[in-house]
Amino acid sequence: MIRTFLRILGPRHARAVRLSLALSILSAALHGAVIALLVPVLARLLGPGPASAAPWTLALLGAAAVYAVVRAASLTVSFRSGGAVSRALHHRLGEHLVRLPVGWYTGPRLGELTHLATAGVSGTTALPVHVLPPLIEAVVAPAVAILVLAVWQWQLAVAAAVGLGLLAAVYAASGRAVSRDDAARDAISAEAADRVLEHARAQQALRAAGRGAESGSALDRALQEEHVASRRLLRTAVPALSAYSAAARLVLTALVALTVLLFLGGSPGGPAAAGLLVLVVRFVQPVAGAAEHGAALRLSGRTVQRIAAVLDTPPQPEPDRPRVPADGAVEFDRVGFSYAPDAAPALRDVSLRAEPGTLTAVVGPSGSGKSTLVQLLARFHDVGSGAVRVGGVDVREIGSRELSRHVALVPQDVYLFDDTVAENLRVAAPGATLEDLDRVAARCGLDAVVAELPRGWETRVGEGGTSLSGGQRQRVAIARALLQDAPVIVLDEASSALDAANEALLTRTARELARDRTVLVVAHRPATITAADAVVVLDAGRVVQRGRPHELAAREGLYAELLRGREDARGWRLVPTAGASSGSTAPAAPSLRRRAPPRLRPRHRTPPRNRSRHRVPPHPVHRTHPARRTHDPSATPSTAGPGAAEPTGAAGPPPRERPPPRPAPGMPPPRTTPPRTSRSSAAVPSPRPPSTRPCAGRPG
Ligand SMILES: Nc1ncnc2c1ncn2[C@@H]1O[C@H](COP(=O)(O)OP(=O)(O)OP(=O)(O)O)[C@@H](O)[C@H]1O
């Protein structure tokens, strides 16, 4: 373990720890010598000629003085090396983490890293300060004392050596007995700590689900498991510690008894026997105390192994001679990729090309591989097979610094630093002036956000950007990408959290950017998709369609299905009705079951063969023709009365107007609502044939 510890510190800081350990050994040896010198001093002081004790007393005082100096130096160096350990581990972790592929940073790993970088590192700092020195003392001081003892009373020295060996065996056995339960409790405690944090982070979701006041079942389970593990550890640790403590007392008693027996046998004499008794008691003391540090040693040992595992993770290979891409052309050449060796491929045999000056929309159902595709372009992961090229150069040959200058990615989950809005943008271009910031802000709607902020560009955004809304954070991220001025810009679901006006602005921005850049958009909204020059449709990790948006829309296939799904979704809305069935004329309370703006992906992933049957989201909402949402003069008070919800497609582009169905000659106008039911809402039939909508006409 100590070897691993020194290895993870790196050569420079390992030297400081080695010096501290050497001083601990020297200090322990001097301590042993001081204890051993007590025997001749006491023997002579209590004997017939106390004056003969003078040289031994001087030697004892000299040894004690040197011991005091060395001990002080040892403490100073070990405290310094403790600080060095903390700096070294943070530094080495930080240095290594920036070289790992971005894809390495998954949720559980981030939790583990947080734990390692905080409690883990500070626990390891105690190793050269509070844990190793007492253990060294427990071994070295008695060993030196035994050597000196051998000069005075060899029988007692042999007995002490045997006693020390016995204690070492009991220590090892009790450590083995405890370590398994100790490790299990440690892991379960870490899990429980993660659950507490998760519970705190998930409060919004839990409260939305009406579970805020209750404790989460996963948290309860983790805490219960921690309780059980602690009790189990207690059941093994108490007997183990008691056994060691009993063994230490047994050894002490045996050595005292042997000293008395030897004294009764005539050698040593009374004064020497008194000195030997003092020696025996002082000798056993540090050994008995060693057990207390066993748990700390095991805990530090496990942390050291975990830090070593992170540091041993191979970094993302960097090219020896990085090449510079010729331009912003993007090419996927028969790319295959899996997240784990035994996982199903997330992408299979994907080939596509996007030229500078074009906007390419990547669409597909949830889980089809869109995010994976753009992440491979930014080299978050390395491909399993095939190649991803930018400007004709394999991204693995470009080098991460150059690649990040060439490819700007606006991810799904935007993270902002706890700094001002301006500084969050300057991450991409440290020298950017306020004019530069204003320019990019105007292109993506961030200017309006900044104008509203209390301190404008100088407003701090909080950790992760929490003082901004999701849409505002996304605009900051888009502005950051614009400021980066990379020839390739990737927007991953970049319009998902924007309102209609800003989404339109973003679509315009994407189009404008695509005049002289390669722009890839993981798109869900028709406005973005139809603005693209080319659409690539993914399904289950494969490219199943590609082409111009209008060409694909005219063909049967997944793209047309997804578009139809979107169109269908736009026709659904919540319609509050009066309590007509009970004869009441009072207006109904507005329904709260309003859907979020639908996006161009099915709510549930379905196998390709069955997908058409699930085109319409099976959601308990009512549909009406878009034209009637706002303009239909024939809408009855029950459908357009107070509290009528906005159409679900409100965040999308304006709905196409369709004429209401005409009444047949001589017939009454067609019903725009089904017969009233006892429910508070009613379904409004759509002009589309009901066969394509499993839920059509069903009251909510
Ligand atoms: N970090 C990961 N580890 C393991 N599997 C992953 C990881 N990220 C994605 N996957 C899997 O890879 C496949 C493709 O996921 P990806 O996120 O690329 O799909 P997507 O089309 O972007 O989905 P969505 O539209 O829902 O974001 C899915 O099966 C997903 O479960």
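Remember, predicted model here, so these are calculated numbers, not experimental data.

Caption draft 1: Fine view of the sheet that holds strand 2 (residues 347–354). Read from one edge to the other, the open sheet built from four strands follows the order 2-1-4-5, with strand pairing classed as antiparallel. In the strand order of this sheet, the two ends are held by strand 2 and strand 5 (393–394), each with one partner. The pairing of strand 4 (residues 385–390) with strand 5 spans two bridges and is classified as antiparallel. The partner of Val390 across the bridge, within strand 5, is Val393. Across the sheet, helix 10 (residues 370–377) touches strand 1 (330–337), strand 2 and strand 4, and the angle it forms with strand 1 is around 120°.

Caption draft 2: Quick look at the sheet that holds strand 9 (residues 534–539). The strand order 6-7-8-3-9-10 describes an open sheet built from six strands, whose pairing is mixed. The outermost strands of the open sheet, each flanked by one partner alone, are strand 6 (407–410) and strand 10 (542–547). Taken pair by pair, the neighbouring strands of this sheet meet at an average axis angle of 15°, ignoring direction. Helix-sheet contacts for helix 10 involve strand 3 (358–363), strand 6, strand 7 (488–492), strand 8 (518–522) and strand 9, and the interaxial angle to strand 7 is about 155°.

Caption draft 3: Spatial organisation of helix 6 (residues 154–201). Helix length check: helix 6, at 48 residues, gives a terminal C-alpha distance of 67 Å against a target of 70 Å (1.5 Å per residue), a fit within 8%. At Ser179, helix 6 shows its largest kink, close to 35°.

Caption draft 4: Structural view of unusual backbone geometry. Although it is not a glycine, Asp485 sits at a positive phi angle of roughly 55°. Tracing the backbone through its elements, the reader meets Asp485 in the loop between helix 15 (470–484) and strand 7. You will see that Ala540, though not glycine, has its phi angle at about 50°, which is positive. The topology assignment puts Ala540 in the loop between strand 9 and strand 10. Residue classification places Ala540 among the partly exposed positions, given a relative accessible area of 32%.

Caption draft 5: Looking closely at the environment of Val196. Looking at where Val196 falls in the secondary structure, it is placed in helix 6. Judged by relative accessible area, which is 42%, Val196 ranks as partly exposed. Taking the C-alpha atoms as reference, Val196 lies 9.0 Å from Leu223; in sequence the two are 27 residues apart.

Caption draft 6: Structural context of the pattern of salt bridges. Scanning the entire structure with this criterion turns up 18 salt bridges. Between Asp516 and Arg517 there is a salt bridge, with its nearest N and O atoms 3.3 Å apart. Arg517 sits in the buried class, given a relative accessible area of 9%.

Caption draft 7: Local environment of the packing of helix 5 (residues 127–152) against helix 9 (residues 270–312). Contact pair helix 5 / helix 9: the axes reach a minimum separation of 7 Å and the direction vectors enclose 150°. In terms of orientation, helix 5 and helix 9 fall into the roughly antiparallel class. Classified by chirality, the crossing of helix 9 by helix 5 is left-handed. Taken together, the residues of helix 9 that come into contact with helix 5 (itself represented by Leu127, His130, Val131, Leu132, Pro134, Leu135, Glu137, Ala138, Pro142, Ala145, Ile146 and Leu149) are Leu276, Leu279, Phe283, Pro286, Val287, Ala290, His293, Ala296, Leu297, Ser300 and Val304. Residues belonging to the contact of helix 5 with helix 9 are distributed by class as follows: 19 nonpolar, three polar and one charged.

Caption draft 8: Structural view of the nonpolar core. Among the nonpolar cores identified, the biggest contains 53 residues, and Leu9, Leu255 and Ile307 are the most heavily contacted of them. When residues of this core are traced back to their parent elements, those giving at least two are helix 1 (2–9), helix 2 (11–46), helix 3 (54–97), helix 4 (107–125), helix 5, helix 6, helix 8 (217–264) and helix 9. The dominant element in this core, judged by the number of residues it contributes, is helix 9, at 13 residues.

Caption draft 9: Representation of the UniProt feature "transmembrane region" (unreviewed entry) in the chain within the structure. According to UniProt, the "transmembrane region" (unreviewed entry) feature falls on residues 21–47, 53–70, 135–152, 158–178 and 241–264. With 100% helix and 0% strand, the stretch residues 135–152 has end C-alpha atoms that lie 27 Å from each other.

Caption draft 10: Summary view of the packing of aromatic side chains. Using the criterion set out here, one finds three aromatic pairs in the structure. Centre to centre, the rings of Phe337 and Tyr339 are 5.0 Å apart; their planes meet at 80°, and the pair counts as edge-to-face. Its relative accessible area of 7% is what places Phe337 among the buried residues. The exposure class assigned to Tyr339 is partly exposed, which follows from its relative accessible area of 46%. Between Tyr415 and Phe417, the aromatic rings sit 6.2 Å apart at their centres with planes inclined by 85°, giving edge-to-face as the arrangement.

Caption draft 11: Just the confidence of the model for the chain, in detail. Predicted confidence across the chain gives a mean pLDDT of 75, with 78% of residues reaching 70 or more. The least confident element of the chain, judged by mean pLDDT, is helix 21 (residues 637–640) at 32; the most confident is strand 1 at 96.

Caption draft 12: A look at helix 1. Taken together, the buried positions of helix 1 are occupied by Thr4, Phe5, Leu6, Ile8 and Leu9. Just past helix 1, the residue Gly10 takes up positive phi, approximately 85°.

Caption draft 13: Focus on the packing of helix 5 against helix 6. Contact geometry of helix 5 with helix 6 gives a least axis separation of 7 Å together with a crossing angle of 160°. One element, helix 5, and the other, helix 6, form an angle in the roughly antiparallel class. The way helix 5 lies across helix 6 gives a crossing that is left-handed. For the pair helix 5 and helix 6, contact is made by Leu135, Pro142, Ile146, Leu149, Ala150 and Trp152 and by Trp154, Leu156, Ala157, Ala160, Ala161, Leu164 and Tyr171, respectively. In the contact of helix 5 with helix 6, the residues fall into 13 nonpolar, no polar and no charged.

Criteria and cut-off values
Residues numbered from 1 in each chain as written. Predicted model: local features only at pLDDT ≥ 70, side-chain atom pairs only at ≥ 80, totals over all residues. Heavy atoms only, no water. Pairing = 2+ DSSP bridges. Helix = DSSP H or I, 4+ residues; strand = E, 2+ residues; numbered from the N terminus. Contact = heavy atoms within 4.5 Å. Axes fitted to C-alpha atoms, helices over the stretch in contact; angles between N-to-C directions. Expected span 1.5 Å × (residues − 1). Bend = angle between axes of the 7 residues up to and from the residue. Buried < 20%, exposed > 50% of the residue type's maximum accessible area, 1.4 Å probe, protein only. Salt bridge = Lys/Arg side-chain N within 4 Å of Asp/Glu carboxyl O. Parallel < 35°, antiparallel > 145°, perpendicular 65-115°, else oblique. Left-handed = near helix turned anticlockwise from the far one by under 90°. Nonpolar A, V, L, I, M, F, W, Y, C, P; charged D, E, K, R; others polar. Core = buried A, V, L, I, M, F, W, Y, C linked by side-chain atoms within 4.5 Å. UniProt positions renumbered as here; feature names shortened; annotations may be inferred. Phe/Tyr/Trp six-rings, centres within 6.5 Å; stacked < 30°, edge-to-face > 60°. pLDDT = per-residue confidence, 0-100.

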